[in-house]
Amino acid sequence: MDVRNLAGKTALVTGAASGIGQQSALAFGRRGADLVICDIDEAGLAETEKELQGLGRQVQSRRVDVADRDAMQAFANDIHQHVDSIDLLMNNAGVALGGRFLDTSLEDWDWILGINLRGVIHGCHFFVPKMKEAGRGGHVVNVSSAAGYLPASVLSAYGTTKYAVLGLSESLSIELAPHGIGVTALCPGIIDTPITRSARLRGELDSADMRTEMVSRYGKRGYGPERVATNLLKAIQKNRTVAPISPEAWLGYGFKRLAPGLVRWLAARGERNAMESIGS
Ligand SMILES: NC(=O)c1ccc[n+]([C@@H]2O[C@H](COP(=O)([O-])OP(=O)(O)OC[C@H]3O[C@@H](n4cnc5c(N)ncnc54)[C@H](O)[C@@H]3O)[C@@H](O)[C@H]2O)c1
């Protein structure tokens, strides 16, 4: 999809109240797109809406839980009353969970699978058919992660959702290519957003010190969501199916392709160090 000028196009971003979703919505707006945005955080959503209106864009803003199938169906019905189809669909809403498999409850699994995986499936299920029907082509961005191709014992459930989103996106890109619809799995890297404060932490990770350390590590890394949005535009322009964004995401992607055994060895070494440092 040519994203150099999005005037006359409609972009939809889920989880647009904060972080990568908010900055991507603004980046699409700056290129001329009108926006449909949703989130469960109404205050953040109102901020994004105001900024987009300041750019002179039309905005449809709705409180929608992406994990709720009926709510997503109603959202799609509602939006398709206003536009025949979305041109650029970004399934971004997501949550994080730090914890090993043996520390992850089934309730946690339901929660993270519902938002990170079913939320993406719902977005594709309810919006892609009209994109195909409209016959104008377009683009779908599904937000995965570097944890969608790199193993980490402490990201067992989160990584599962992100590997799945990557897999879905690769298959969907083949299915939708004949209709001129590109698909990108966005794999950002370590990005400084409020997700570090809202992430659920489990097992020995569940401590105030660990939270502080994580927030500080992401802050020090200093790679903000606005840089992700800028690089996402380039990835869409190039129709990349898998789009690592930050340097560490690219590095991990390269190693995973060229030396998967090394990636596994490094992940296991990281695990041993972590276990030693917590005295297990
Ligand atoms: N920050 C990172 O380092 C990083 C790295 C890789 C991938 N990601 C992914 O990027 C995406 C955006 O994360 P972010 O870092 O910008 O975090 P964020 O917390 O700033 O933004 C996530 C947004 O999703 C919304 N959301 C959560 N549950 C929702 C639901 N059920 N329905 C609708 N909206 C919901 C939140 O309210 C929030 O506004 C997520 O999918 C995340 O997994 C983030």
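Refer to the structure printed above.
Residues numbered from 1 in each chain as written. Predicted model: local features only at pLDDT ≥ 70, side-chain atom pairs only at ≥ 80, totals over all residues. Heavy atoms only, no water.

The next subject is the site of the ligand. In the vicinity of the ligand lie 29 residues, with Ser18, Ile20, Asp39, Tyr158 and Thr193 positioned nearest. With respect to the ligand, the backbone of Ile20 contributes an N or O atom lying 2.8 Å from an oxygen atom. Between Ile191 and the ligand, the recorded distance is 2.9 Å, taken from a backbone N or O atom to an oxygen atom. About the coverage of the ligand: the protein hides 94% of its 820 Å² of free accessible area. Those elements that provide at least two residues to the shell around the ligand are helix H1 (19–30) and helix H5 (156–176). Of the residues assigned to the shell around the ligand, the class counts are 16 nonpolar, nine polar and four charged. (Near = heavy atom within 4 Å. Polar contact = N/O pair within 3.5 Å; in protein donor to acceptor, adjacent residues only side chain to side chain. Areas by Shrake-Rupley, 256 points an atom, 1.4 Å probe, with all protein chains shown as cover. Helix = DSSP H or I, 4+ residues; strand = E, 2+ residues; numbered from the N terminus. Nonpolar A, V, L, I, M, F, W, Y, C, P; charged D, E, K, R; others polar.)

Moving on: unusual backbone geometry. The backbone of Asn239 shows a phi angle near 50 degrees, a positive value even though the residue is not glycine. For Asn239, the position within the fold is in the loop between helix H8 (225–237) and strand E9 (242–244).

On to the packing of helix H3 (residues 69–82) against helix H4 (residues 106–134). Across the interface, H3 lies against H4 with an axial gap of 10 Å and an inter-helix angle of 30 degrees. Considered as vectors, H3 and H4 are oriented roughly parallel to each other. Here H3 and H4 pass one another in a crossing that is right-handed. Residues Arg69, Met72, Gln73, Phe75, Ala76, Ile79 and His80 of H3 touch H4, and the partners they reach there are Gly119, His122, Gly123, Phe126, Phe127 and Lys130. Looking at the contact of H3 with H4 residue by residue, the class counts come to six nonpolar, five polar and two charged. (Axes fitted to C-alpha atoms, helices over the stretch in contact; angles between N-to-C directions. Parallel < 35°, antiparallel > 145°, perpendicular 65-115°, else oblique. Left-handed = near helix turned anticlockwise from the far one by under 90°. Contact = heavy atoms within 4.5 Å.)

Further remarks concern helix H7 (residues 208–221). Between its terminal C-alpha atoms H7 stretches 20 Å, which fits the 20 Å expected from 14 residues at 1.5 Å a residue. One or two positions beyond H7, positive phi appears at Gly222, with a value near 70 degrees. (Expected span 1.5 Å × (residues − 1).)

Here we take up the packing of H1 against H8. Two packed helices can be described by the angle between their axes and the distance between those axes. Close contact between H1 and H8 brings their axes to 8 Å; oriented N to C, the two are set at 55 degrees. Taken together, the axes of H1 and H8 are oblique relative to one another. Crossing angle aside, the handedness with which H1 passes H8 is right-handed. Facing H1, whose interface residues are Gly19, Ile20, Gln23, Ser24, Ala27 and Phe28, H8 presents Pro225, Glu226, Val228, Ala229, Leu232, Leu233 and Ile236. Of the residues in the contact of H1 with H8, the class split is nine nonpolar, three polar and one charged.

An α-helix turns once every 3.6 residues. As a result, residues three or four positions apart point the same way. In a regular helix each residue adds 1.5 Å, so 29 residues correspond to 42 Å; H4 covers 40 Å between its end C-alpha atoms and thus fits that length. Remark: the principal bend of H4, roughly 40 degrees, maps to Arg118. Phi for Gly135, located one or two positions after H4, is positive at around 70 degrees. (Bend = angle between axes of the 7 residues up to and from the residue.)

Our focus in this paragraph is the environment of Thr230. Mapped onto the elements of the fold, Thr230 is located in helix H8. In sequence terms Thr230 and Gln23 are 207 residues apart; their C-alpha atoms lie 8.8 Å from each other. Of the polar contacts made by the side chain of Thr230, one reaches the backbone oxygen of Glu226; its length is 3.0 Å.

Right, let's talk about the packing of aromatic side chains for a bit. As enumerated under the stated definition, the model contains four aromatic pairs in all. One aromatic cluster in this structure is built from Tyr149, Trp250 and Tyr253. If you follow Arg200 out to its NZ or CZ, it ends over the ring of Trp111, 3.7 Å from the centre. Its end group placed over the ring of Tyr223, Arg227 keeps NZ or CZ at 4.0 Å from the ring centre. (Phe/Tyr/Trp six-rings, centres within 6.5 Å; stacked < 30°, edge-to-face > 60°. Lys NZ or Arg CZ within 6 Å of the ring centre and 35° of its normal.)

Once that is clear, we can look at the pattern of salt bridges. For side chains of opposite charge, pairing can occur when their charged atoms come near one another. Inspection of every chain in the model, using the stated rule, returns 11 salt bridges. The closest approach of N and O atoms between Glu204 and Arg100, which form a salt bridge, is 2.1 Å. One end of the pair, Glu204, is in the loop between strand E8 (200–201) and H7; the other, Arg100, is in the loop between strand E5 (97–98) and H4, with 104 residues separating them in the sequence. Exposure remark for Arg100: the relative accessible area of 13% places this residue in the buried category. (Salt bridge = Lys/Arg side-chain N within 4 Å of Asp/Glu carboxyl O. Buried < 20%, exposed > 50% of the residue type's maximum accessible area, 1.4 Å probe, protein only.)

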